[in-house]
Amino acid sequence: MISLALDSKPRLPRGVRLKHDAVRNEWTLLAPERVLKADLVAVEILKRCTGDATITAIVDDLASAFKADRTRIESDVQTFLADLAAKRMIDL
Amino acid sequence: MTAITPRDLPAPIGLLAELTHRCPLGCPYCSNPIELDARAGELDTATWQRVFGEAAALGILHVHLSGGEPLTRRDLADLVAHCAHVGLYTNLITSGVGLTRPVMTRLAEAGLDHVQLSIQDSEATSADHIAGYQGAFARKREAAALVQEAGLPLTVNAVIHRANVARAGAMVALAITLGARRVEIAHTQYYGWGLRNRSALMPSRDEAKRAIAEIERLKVLHAGTIVIDHVAPDYHARYPKACMGGWARRSLNVTPSGRVLPCHAAETIPGLEFWSVATHALSTIWADSPAFQAYRGTDWMQEPCRSCARKEIDWGGCRCQALALAGDAAATDPVCMLSPNHAVVAAIAEAEGVQPVAEGPIDYVYRRMPARSGASSASD
Ligand SMILES: C[S@@+](CC[C@H](N)C(=O)[O-])C[C@H]1O[C@@H](n2cnc3c(N)ncnc32)[C@H](O)[C@@H]1O
Ligand code: SF4
Ligand code: SF4
């Protein structure tokens, strides 16, 4: 698994978007030929991938918002975003 | 599994909208039917917009705007805008011929999400010969640049057959040069015009195997640069693929004149009754159309599928392939090693082995509209 630079600012590229699917009542990440179900953690990460915040800032923000262990959050964010990057579904 | 009641019927995810059968190109591998729909019978703008609204309400997420060549529809930007309005993700599947800067700008402004551009080969002369259209290759380069300029993500699609099989890797390289994030390498599926041209298209088994191995190698090599989706023929597999993710489980296909099909080749199966968007709502068609019900779920299955543990994994494979190879659309897909007709597949794989290597331009029956159908010439 590649490790992403903590100062990179992840952003959903055009053609990849988060959508609430009203019919199935769930969040989905829509991309070319791909539909990924987004669980609550994924939605919270993706909402912060605006291209303005660094990975460090996103992790800090999530850790304080959810009063959770920062180390765990950082590894969750890394794993999640590295997977999206491999699918070319996020720009860094 | 028992008969499907509307309650446990899964909502479809994708809609393939074949907006028109008109096309300036004449690809001999084209999967469109030999009997192409004439322009006069095409659904109008308002009807397509109604269908897209019904699709969104039904749970469809992706709409693939295809054809024929969708750019021949003058109302394309209006259709894209309506899809965006009802929340659908739009994918334009195009040859690129007809994609000018003003058209690209209008489509991008209308909210188009993604473009999938098909290429015929990595070399201009061969590509133009396959397309049956002088200058197509150069136009595709321009089209790719316009997509980039508009900031839209690009997928390149290449269909592999005898004339280009030696350059499968070079086509991946071209896709990278063109700025694609994704490339689809699909070995020709023999439907419609592709079936008509089968003997001219079938690569030798060695060439096909080399191409498959090369693409698999490039997949690893280019991980993170370009995503390679590889649709390899399943003749050498042990079990079939879940064709369409299962009949009438995930997607619908609407033809230019409005017939709704469970897959784009479903019309090759005789005796199926298809309903039209002109007479039925999309949700009614999805739930009740005889063609959708025919092979939905597992009740229709024969042995060995009926008592097989994999029946809800691969759904018995491809119905069209079962018809073509076993003579019965309800049979187990003969690709499956458990099929009593599996020997047919082995025989075809053998026959492939004797195809000559391509030398010089191959003669094709190009995909064309019948001249006097009123369907108009390909270029209008
Ligand atoms: C029928 S075309 C219509 C859209 C547009 N004219 C184009 O060629 O991109 C839709 C897609 O199917 C692919 N295709 C056509 N015939 C095929 C076949 N026999 N097997 C696999 N893919 C095929 C094309 O390359 C294209 O990506
Ligand atoms: S002839 Fe070629 S360009 Fe035209 S619809 Fe068929 S595959 Fe697409
Ligand atoms: S017997 Fe039918 S269900 Fe079982 S693996 Fe073969 S095709 Fe699939």
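Notes on the structure follow. Sequence order as written defines the numbering, with residues in each chain counted from 1. Labels follow written order: the first chain is A, the first ligand is 1, and so on. Only residues with pLDDT of 70 or above have their local features reported here, since the model is predicted, and side-chain atom pairs are shown and tallied only from 80 upward, although totals for entire chains, interfaces and linings are computed over all residues. No hydrogens and no water enter the side-chain calculation; it runs on all heavy atoms of the structure.

Topic: the overall build of chain B
Filter applied, for reference: Counting from the N terminus, the helices are DSSP H or I runs at least four residues long and the strands are E runs at least two residues long. Radius of gyration here uses only the C-alpha atoms, and the compact-globule reference equals 2.2 Å multiplied by the residue count raised to the power 0.38. For each residue, the accessible area found with a 1.4 Å probe, counting protein chains only, is set against the maximum for its type, and the residue is called buried under 20%, exposed over 50%, and partly exposed in between. Here, two residues are considered to be in contact whenever any of their heavy atoms come within 4.5 Å of each other. His is not counted, nor are the chain ends; Lys and Arg add positive charge and Asp and Glu add negative charge. Charged side chains are reduced to one point each, which is NZ for Lys, CZ for Arg, CG for Asp and CD for Glu.
Assigned secondary structure in chain B consists of 13 helices and 9 strands. Taken against the 2.2 N^0.38 rule, which gives 21 Å for 380 residues, the C-alpha radius of gyration of chain B at 20 Å falls within 12% of a compact globule. Per-residue burial over chain B gives 56% buried out of 380 residues. In chain B, 73% of the contacts between residues at least 6 apart in sequence involve partners at least 24 apart. Here chain B carries 35 positive and 38 negative side-chain charges, and the mean point of each set is 1 Å from the other.

Notes on the site of ligand 1
Residues and elements named next belong to chain B. Operational definition: Working definition: residue near molecule or strand if any one of its non-hydrogen atoms lies within 4 Å of it. Here a polar contact is taken to be a pair of N or O atoms separated by no more than 3.5 Å, where protein atoms must pair a possible hydrogen donor with a possible acceptor and residues adjacent in sequence count only if both atoms sit in side chains. Residue burial considers only the protein chains on display, and all accessible areas are found by Shrake-Rupley using a 1.4 Å probe. Gly is placed with the polar residues, together with every amino acid not listed as nonpolar (Ala, Val, Leu, Ile, Met, Phe, Trp, Tyr, Cys and Pro) or charged (Asp, Glu, Lys and Arg).
The immediate surroundings of ligand 1 are formed by 17 residues, with Tyr-29, Ser-31, Ser-118, Asn-157 and Gln-189 found nearest. In the model, an oxygen atom of ligand 1 is placed 3.2 Å from a nitrogen or oxygen of the Thr-94 main chain. Here an oxygen atom of ligand 1 and a side-chain polar atom of Ser-118 are 3.0 Å apart. Contact with the protein chains removes 89% of the 540 Å² of surface that ligand 1 exposes when unbound. The set of elements that each furnish at least two residues to the shell around ligand 1 consists of strand 3 (89-94), strand 4 (114-119) and strand 5 (154-160). Partitioning the shell around ligand 1 into residue classes produces 4 nonpolar, 12 polar and 1 charged.

Overview of the packing of helix 2 (residues 76-85) of chain B against helix 3 (residues 101-110) of chain B
Residue and element names in this part refer to chain B. Quick note on the threshold: For helices, the fitted line uses only the C-alpha atoms of the stretch in contact; every axis is such a line through C-alpha atoms, and the angle between N-to-C directions lies from 0 to 180 degrees. Should an angle lie under 35 degrees it is considered roughly parallel, over 145 roughly antiparallel, and from 65 to 115 roughly perpendicular; all remaining angles are considered oblique. In this scheme the handedness of a crossing depends on how the near helix is turned from the far one: anticlockwise by less than a right angle means left-handed, clockwise means right-handed.
Running from N to C, helix 2 and helix 3 point in directions that differ by 15°, and their axes come no closer than 8 Å. By the angle between their axes, helix 2 is roughly parallel relative to helix 3. Remark: the crossing between helix 2 and helix 3 carries right-handed chirality. Where helix 2 approaches helix 3, its residues Leu-76, Ala-77, Val-80, Ala-81 and Ala-84 are matched on the opposing element by Arg-106, Leu-107 and Ala-110. Of the residues belonging to the contact of helix 2 with helix 3, the class tally is 7 nonpolar, no polar and 1 charged.

Quick notes on the pairing of strand 5 of chain B
Residue and element names in this part refer to chain B. This is how the line gets drawn: By this definition, two strands are paired if DSSP reports at least two bridges between them. For crossovers, right-handed means that the path from the first strand over the helix to the second runs clockwise, given strands pointing away from the viewer.
For strand 5, the buried fraction is high: 7 of the 7 residues fall into the buried class. Where strand 4 meets strand 5, 5 bridges bridge the pair, whose relative direction is parallel. Paired with Ser-118 across the strands is Asn-157, a residue of strand 5. Examined bridge by bridge, strand 5 and strand 6 (residues 182-187) share 6 bridges and lie parallel to one another. In the strand pairing of strand 6, Asn-157 is matched with Glu-184. Note that the unit made of strand 5, helix 6 (residues 168-177) and strand 6 has a crossover that is right-handed.

Examining the sheet that holds strand 3 of chain B
Strands sit in the order 7-6-5-4-3-2-1-8-9 (chain B) across an open sheet of 9 strands; the sheet is mixed. Two strands close off the open sheet at either side, each with one partner strand: strand 7 (227-231) and strand 9 (260-261) of chain B.

Things to note about the site of ligand 3
Close to ligand 3 lie Tyr-239, Pro-240, Pro-304, Cys-305, Cys-308, Arg-310, Lys-311, Asp-314, Gly-316, Thr-332, Cys-336 and Leu-338 of chain B. Across the shell around ligand 3, the residue classes break down as 7 nonpolar, 2 polar and 3 charged.

Describing the packing of helix 1 (residues 45-58) of chain B against helix 2 of chain B
Residue and element names in this part refer to chain B. Two elements in contact, helix 1 and helix 2, have axes whose closest approach is 9 Å; the angle formed by their N-to-C orientations is 25°. In terms of orientation, helix 1 and helix 2 fall into the roughly parallel class. Crossing angle aside, the handedness with which helix 1 passes helix 2 is right-handed. Residues Thr-45, Trp-48, Gln-49, Phe-52 and Gly-53 of helix 1 form the contact with helix 2, whose participating residues are Asp-78, Leu-79, His-82 and Cys-83.

Concerning the environment of Cys-308 of chain B
Residue and element names in this part refer to chain B. Looking at the secondary structure, you find Cys-308 in the loop between helix 11 (290-294) and helix 12 (319-326). Since its relative accessible area comes to 22%, Cys-308 is described here as partly exposed. For the pair Cys-308 and Pro-290, spaced 18 residues apart in sequence, the C-alpha separation works out to 25 Å.

Section: the packing of aromatic side chains
Residue and element names in this part refer to chain B. Convention followed: Only Phe, Tyr and Trp rings take part, Trp by its six-membered ring, and two of them pair if their centres are within 6.5 Å. Stacked means planes under 30 degrees apart, edge-to-face means over 60, and tilted covers everything else. A ring has a charge above it when a Lys NZ or an Arg CZ is no more than 6 Å from the ring centre and no more than 35 degrees off the ring normal.
With the rule as written, the count across this model stands at 5 aromatic pairs over all chains. Centroid distance Trp-286 to Phe-292: 5.8 Å. Interplanar angle 70°. Geometry classified as edge-to-face. Of the two residues examined, Trp-286 and Phe-292, each falls in the buried class. Their ring planes at 85° and their centres at 5.4 Å tell us that Tyr-295 and Trp-300 sit as a pair that is edge-to-face. Residue classification places Trp-300 among the buried residues on the basis of a relative accessible area of 15%. A network of ring pairs unites the aromatic residues Trp-247, Tyr-295 and Trp-300 as a single cluster. For Arg-296, the ring lying beneath its charged end belongs to Trp-286, and the centroid distance is 4.8 Å.

These results come straight from atomic positions and should not be treated as a statement about function.
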